[in-house]
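Topology and contacts: notes
Here are the chains, one letter per residue:
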Amino acid sequence: MAVSVATHGHDAHDDHGGHDDDIIYQETRDMRLMGFVLFLVSDVVLFSSYIFAYIYLRNSIQPNWPPIVDGHQLPRLDTAFAAFNSVVLFGSGVTMHYALESWKHANKGRFNLFMWLTIFLGLDFLGGQGYEYAHAQIGGWSGNIFGASFFTLTGMHGIHVFLGVCFLFALWLQTQRGVYTEHRFFGLTAGTLYWHFVDVIWVVLFFLFYLW
Amino acid sequence: MATVAPGVPTGPYHAVLDHIHPEPTSFIRKYVFSIDAKVIGIQYMITGGIFFVIAGLLAEIIRTQLLSPHGAILSAATYNSVYSMHGSAMVWFVVIPLLTGAFGNFVMPMQIGARDVAFPWLNLVAFWIFPVAGVILFSSFLVGAPDAGWTEYPPISLQGPPGTNLWCIAVFLIGISSTMTGINFLVTIYKMRAPGMTFTRMPLFVWAQFATTPLLFIATTALGAALAALFIERVFGVPFYDPKRGGSPVLWQHMFWFYSHPAVYIMIIPGFGIISEVLPTFARKPIFGYKMIAFSSVAISLLSFSVWAHHMFTSGMVPWLQLPFMIITMVIAIPTGVKIFSWMATLWGGSINWKTPLLYATGFLITFTYGGLTGFFLAAVPLDYHEHGTYFVVAHFHYVLYGGSIMSLFAGIYYWWPKMTGRMYNEKLGQLQFWLTFIGFNATFTPMHWLGLLGMPRRVATYDPQFQFWNQFASISSYVMALGTVLFFYILFDSIRNGKKSGPNPWGARTLEWMVSSPPPYYNFKKIPAVLAAPYDFGNPLPYLGLEAAPGATEATPTSASHPVPTY
Amino acid sequence: MDLATIEKVVAFVGALIVFAFALVGLRGEWPKNGLDDNVTKVLLGLMAFGCVLVVLACFGVLPHGGGGA
Ligand code: HEM
Ligand SMILES: [Cu+2]
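Quick look at the structure, then.

Definitions and limits used
Each chain carries its own residue numbering, running from 1 in the direction its sequence is written. Going through the entries in the order they are written, you letter the chains from A and number the ligands from 1. At least 70 in pLDDT is required for a residue's local features to be given in this predicted model, at least 80 for side-chain atom pairs to be given and counted, and no such filter applies to totals for whole chains, interfaces and linings, which use all residues. To obtain the side-chain values, all non-hydrogen atoms of the structure were included, while hydrogens and water were left out. The rule for donors is simple: N, O or S, within 2.8 Å of the metal, or within 3.2 Å if the metal is Na, K or Ca. Water isn't counted, so a site may look like it is missing partners. Each helix is a run of H or I in the DSSP string that is no shorter than four residues. Each strand is a run of E no shorter than two, and both are numbered from the N terminus. Helix axes are fitted to C-alpha atoms over the stretch in contact, other axes to C-alpha atoms as well, and angles between N-to-C directions run from 0 to 180 degrees. Relative orientations are named as follows: roughly parallel for angles under 35 degrees, roughly antiparallel for angles over 145 degrees, roughly perpendicular for angles from 65 to 115 degrees, and oblique for any other angle. Crossings are sorted by hand: turned counterclockwise from the far helix by less than a right angle, the near helix makes the crossing left-handed, and turned clockwise it makes it right-handed. Residue contacts are defined here by distance: any two heavy atoms, one from each residue, within 4.5 Å place the two residues in contact. Any residue outside Ala, Val, Leu, Ile, Met, Phe, Trp, Tyr, Cys, Pro, Asp, Glu, Lys and Arg is labelled polar, Gly included; the first ten of those are nonpolar and the last four are charged. In this scheme, a residue with accessible area under 20% of its type's maximum is buried, one over 50% is exposed, and one in between is partly exposed, where area comes from a 1.4 Å probe on protein chains only. Definition of a polar contact: a pair of N or O atoms within 3.5 Å, with one able to donate and the other able to accept a hydrogen when the atoms are protein atoms, and with sequence-neighbouring residues admitted only if both atoms are side-chain atoms. Excluding any residue in a salt bridge, patches collect residues exceeding 30% relative accessible area, merging like charges within 9 Å and nonpolar Val, Leu, Ile, Met, Phe, Trp and Tyr side chains within 5 Å. For every accessible area listed, the method is Shrake-Rupley and the probe measures 1.4 Å; residues are considered covered only by the protein chains on display. Whenever Lys or Arg places a side-chain nitrogen within 4 Å of a carboxyl oxygen from Asp or Glu, that contact is recorded as a salt bridge. Nearness is judged by heavy atoms alone; a residue qualifies as near a molecule or strand once a single heavy atom is within 4 Å of it. Nine residue types can take part in a nonpolar core, namely buried Ala, Val, Leu, Ile, Met, Phe, Trp, Tyr and Cys, and a core is a set of them joined through side-chain atoms within 4.5 Å. Defined in terms of a 1.4 Å probe, buried area is the accessible area two parts forfeit on being brought together, summed over both. By this rule, a helix spans an expected 1.5 Å times one less than how many residues it contains. As used here, the arc is the angular range of directions from the helix axis to the C-beta atoms. Pairs were defined over the aromatic rings of Phe, Tyr and Trp, the Trp ring being its six-membered one, requiring ring centres within 6.5 Å. Orientation was assigned from the angle between planes: stacked under 30 degrees, edge-to-face over 60, tilted for the rest. The rule for a charge over a ring is simple: NZ of Lys or CZ of Arg within 6 Å of the ring centre, and within 35 degrees of the ring normal.

Here the focus is the coordination of the iron atom of ligand 1. Residues and elements named next belong to chain B. Within the protein, a single donor atom binds the iron atom of ligand 1, namely His396 (NE2) at 2.1 Å. Distance-wise, the copper ion (ligand 2) is placed 4.6 Å from the iron atom of ligand 1. When you line up the elements, histidine 396 lands in helix 15 (residues 391–421).

Residues and elements named next belong to chain B. It is at 9 Å that the axes of helix 10 (residues 269–283) and helix 15 come closest, and there the two elements cross at 50 degrees. Here helix 10 lies oblique to helix 15, going by the angle between them. For the element pair helix 10 and helix 15, the recorded crossing hand is left-handed. Only Ser408, Ala411, Gly412, Tyr415 and Trp416 of helix 15 make contact with helix 10, whose side of the interface consists of Gly271, Ile274, Ile275, Glu277, Val278, Thr281 and Phe282. Among the residues forming the contact of helix 10 with helix 15, the class breakdown is seven nonpolar, four polar and one charged.

Quick look at the coordination of the copper ion (ligand 2) now. All names here are of chain B. Coordination of the copper ion (ligand 2) by the protein is provided by His261 (ND1), His310 (NE2) and His311 (NE2), with metal-donor distances spanning 1.8 to 2.0 Å. Sequence spacing of the donors to the copper ion (ligand 2): H-x48-H-H. Residue histidine 261 is classed as buried on the basis of its relative accessible area, which comes to 5%.

With that out of the way, let us pick up the side chain of threonine 511 of chain B. Residues and elements named next belong to chain B. Considering the arrangement of structural elements, one finds threonine 511 in the loop between helix 17 (468–498) and strand 1 (530–531). For threonine 511, the side chain forms a polar contact with the side chain of glutamate 513, separated by 2.9 Å. Non-local contacts of threonine 511, meaning those with residues more than four positions away in its chain, are made with Gln111, Pro203, Glu277, Pro535, Tyr536 and Tyr544.

All right, on to a nonpolar patch on the surface then. Residue and element names in this part refer to chain C. A cluster of nonpolar residues, Met1, Ile6, Val9, Val10, Val13, Ile17 and Phe21, forms a patch on the protein surface that exposes about 660 Å² of accessible area. Tracing the backbone through its elements, the reader meets isoleucine 6 in helix 1 (residues 3–29). The class of isoleucine 6 is partly exposed, set by a relative accessible area of 38%.

On to the site of ligand 1. Residues and elements named next belong to chain B. Among the 24 residues in the neighbourhood of ligand 1, the closest are listed as Trp150, Asp384, His388, His396 and Arg458. The contact in question runs from an oxygen atom of ligand 1 to an N or O atom on the side chain of aspartate 384, over 2.4 Å. Taken together, the residues of the shell around ligand 1 break down into 13 nonpolar, eight polar and three charged.

Attention now goes to the nonpolar core. Ranked by internal contacts, the top residues of the largest apolar core, which has 266 residues, are Phe206 of chain A together with Trp92, Phe103 and Tyr241 of chain B. Among the elements that make up this core, the one with the highest residue count is helix 4 (residues 76–111) of chain B (20 residues). Dropping the residues within four chain positions of it, tryptophan 92 of chain B is found in contact with Pro97, Trp150, Trp167, Val171, Ile174, Leu223, Phe256 and Tyr259 of chain B.

Going through the model one piece at a time under the given rule, you end up with six salt bridges over all chains. As a salt-bridge pair, lysine 104 of chain A and glutamate 101 of chain A come within 3.6 Å of each other at their nearest N and O atoms. Taken together, the residues lysine 104 of chain A and glutamate 101 of chain A, both in helix 2 (residues 79–104) and three residues apart, mark about one turn of the helix. Overall, lysine 104 of chain A belongs to the partly exposed group, its relative accessible area being 24%. For aspartate 36 of chain B, the salt bridge goes to lysine 38 of chain B, with nearest N and O atoms at 3.3 Å. With respect to burial, aspartate 36 of chain B and lysine 38 of chain B carry one shared label: buried. Salt bridges linked by common partners bring Glu101 and Lys104 of chain A together with Glu29 and Lys32 of chain C together as one network.

Another point: the side chain of serine 86 of chain A. Position of serine 86 of chain A among the secondary structure elements: in helix 2. The exposure class assigned to serine 86 of chain A is buried, which follows from its relative accessible area of 0%. Serine 86 of chain A has contacts with Trp202 and Phe206 of chain A together with Val54 of chain C, leaving out every residue within four places of it along the chain.

For an interface, size is often stated in terms of accessible area lost upon the parts coming together. Counting residues at the interface gives 36 residues for chain C and 35 residues for chain A. Each partner contributes to the roughly 2,700 Å² buried at the junction of chain C and chain A, and carbon and sulfur atoms together form 79% of this total. The interface formed by chain C and chain A includes two salt bridges. A salt bridge links lysine 32 of chain C to glutamate 101 of chain A; the shortest N-O distance between them is 3.3 Å. Taken together, the connections running from chain C to chain A amount to five residue pairs in polar contact (both at pLDDT 80 or more). Within the residue set of the side of chain C that touches chain A, elements represented by two or more residues are helix 1 and helix 2 (35–58) of chain C.

Attention shifts here to helix 11 (residues 290–303) of chain B. Residues and elements named next belong to chain B. The end-to-end C-alpha distance of helix 11, which contains 14 residues, comes to 20 Å, matching closely the 20 Å that a straight helix rising 1.5 Å per residue would cover. If you check which residues of helix 11 are buried, you get Tyr290, Ile293, Ala294, Ser296, Ser297, Ile300 and Ser301. Taken end-on, helix 11 shows its buried residues confined to a sector of 165 degrees, consistent with a single buried face. For helix 11, the exposed residues set more than 90 degrees away from the buried face come down to Met292 and Leu302.

Aromatic ring pairs are reported here in terms of the distance separating the ring centres and the angle at which the planes meet. Going through the model one piece at a time under the given rule, you end up with 89 aromatic pairs over all chains. Judged by centre distance (5.9 Å) and plane angle (90 degrees), the ring pair of tyrosine 98 of chain A and phenylalanine 21 of chain C falls under edge-to-face. With tyrosine 98 of chain A in helix 2 and phenylalanine 21 of chain C in helix 1, the pair connects residues from two separate chains. Here tyrosine 98 of chain A falls in the buried class, since its relative accessible area comes to 15%. Judged by relative accessible area, which is 44%, phenylalanine 21 of chain C ranks as partly exposed. Taking the centre distance of 5.6 Å and the plane angle of 45 degrees together, the rings of phenylalanine 103 of chain B and tryptophan 416 of chain B count as tilted. Residue phenylalanine 103 of chain B is found in helix 4, and its partner tryptophan 416 of chain B is found in helix 15; the two are separated by 313 residues along the sequence. The exposure class assigned to phenylalanine 103 of chain B is buried, which follows from its relative accessible area of 0%. The ring of phenylalanine 199 of chain B has arginine 193 of chain B lying over it, and the distance from NZ or CZ to the ring centre is 4.1 Å. Above the plane of the ring of tryptophan 30 of chain C lies lysine 41 of chain C, whose end atom (NZ or CZ) is 5.4 Å from the centre.

In structure tokens form, the structure reads like this:
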């Protein structure tokens, strides 16, 4: 059964048994993986566009950033809290990585543990975002260009995180229903990549909004 | 399984090529929600054709309005909506879907020897977004259609009528559809070529689609971001573009053109591909400079990401950026020129068979080259200061878009029509149709260069009486074009009803789609062939192995027709 | 200790842990060569970089002129 594609010569094509099944799985998996990575690339462009917009707008009123609105200077965002919240999200990225590793090593117990840790940290991050939104004194979404770019970008990121949490939860349900095996788990791979991607977007946003 | 002769390089991806979903039996699954790329391609073609007629009618309304310097029929406000909708519909709902969705789906999988695209279901979704988005776009007429041109520059678009919101939604949706198609095609071409079809053995139309895909899934996303921001600003008052509130209208222009310049190459590179198929077939000669043509498509595609600001020379961007943008724009003309000369060399000394597709291909060569030249003028900053915002720009982009993209579409439809329907069209009428279109087109748009140089601004409902003669000339010529279009649809209907059977390969072409019956069977190939060389060596035997199952041969159903593909 | 300081301390400790585990994960990925593995390498690396940013933020190196509530 476990014939890998690499060692498979084309004579094995004449065989309609398990070989072919594995090969077809491997090939469709490679295609889906490529498609998924390309989707992530186009999602990167989505964020990059808004990041460009933010940098552009920010440059247009340099050096006054945060901008002065109605005569008073808007405060900076809360870096300390954001640092804490960032660690929560990065941490969830690492736990997700180990969740997938555990799955590959057929360690179901550890997989469940890490998966739930990831989901929990993701939700924690979202809660932190809510806290941040409630406390940011920058004039709201539609008040000025700072609020516009901050809430649009982080909001879009937040939606991605939320969808990611749903994605991971759905994946976990699937693993409980026995959809994936030790050798066929493309969904988990895709979920992990997506989750890493969301984390890495946050690295950039964290720098742009809090550290720049 | 693919029959592979000893010594033939076999791509790593055979097993999956053999797979095909079982053929559907119900009408709905066969023709409405089909996942067969060929059916989807034809669906794109029909839908795009309908939008082409609507957008074409809008164009004729524009030309009729301009019969008189005071505006013959419309109020200025309505006129604004009409040209905005004309441009939007033609760009996003006619040319892009026809060149990628329609021809890409119908022709490309067959040309690489595949049975379908990589993600048939994604394809289905991508298609169905298209008519829905189109209906949303046109329904904006009910609530006040957008009126700031197809480019919808703020701040005018911020004050535009409510239909502008629908415009945002519609274009956003069609952008998602394009993105899906781009990803789908790239994976298909990368992973699903028949054994032996290395990159340098791919037909040039496949190369063209391949080069277009990054534009589709990268540039389009940037447009989506810009549109979403415009929508958010209009609906929730979030400041991005409104200068009164700290935003920047020029920001929109950057985001819009970062998409839309690559988008003009989405609208022409597949057209290049069609021309590259038609020319060698009707000149019965190998294409000249195969690799040059192939690689220049990729070069154009990549370079096109770095020239967008040539649309913004007069928008108040930083002056020192103008020079690099001007130079890179001119550099893009080099790979384009390489193609033009390769095509001319392909015709040179061939035994030329003047059928309608070839007429269109040569027509394309003439008019597109001309449009490229005026583009070169526009790329020169000092000239652009004079020409920007005038009819010269209108002339330029109609030469490249009508004279280039639409002519290539006509060429492609005539060329592949027998493959799609199994029937020939009326050749005499086809040639007449070409001449009506070609003459009508040139007579309509050539005067616009002069009008533009004399300073006639675009997008205005009335004009100075001194421009009247050439405007009337253009309007009347545009009716000739319209006549050509009506004749075109007549020819298609006539062919369906009375056309002679075409047989599998009426043109004696050599790419793989001609090796199967017309219309092709559901599974395209009974056996996936092996490919020994690029397809254009006229005079040599066909470079395919394992085509015993080709037209007329009787063989069993495709191997593993309902092979279950594990999904996880 | 005010709230901000507590947040920074937690963030700092967390960042060190996450950084370490990211590097361990990265080392495990390194020999593998699939598309997914390569993408994971890049993404894990960037996440580790994010931890560095967090540490810089905790010590007020970034933003210039010290942010924080
Ligand atoms: C040699 C190649 C080309 C060059 C150097 C070129 C250059 C330019 C420049 C500089 C402009 C801006 C004019 C202005 O607004 O002042 C322009 C406009 C335009 N070009 Fe081209 N172009 C080329 C080919 C094409 C092609 C192949 C297409 C489409 C198939 C195209 C479509 C357009 C469109 C639609 C506009 C006008 C957009 C608008 O303002 O509404 N161009 N071109
Ligand atoms: Cu351009």
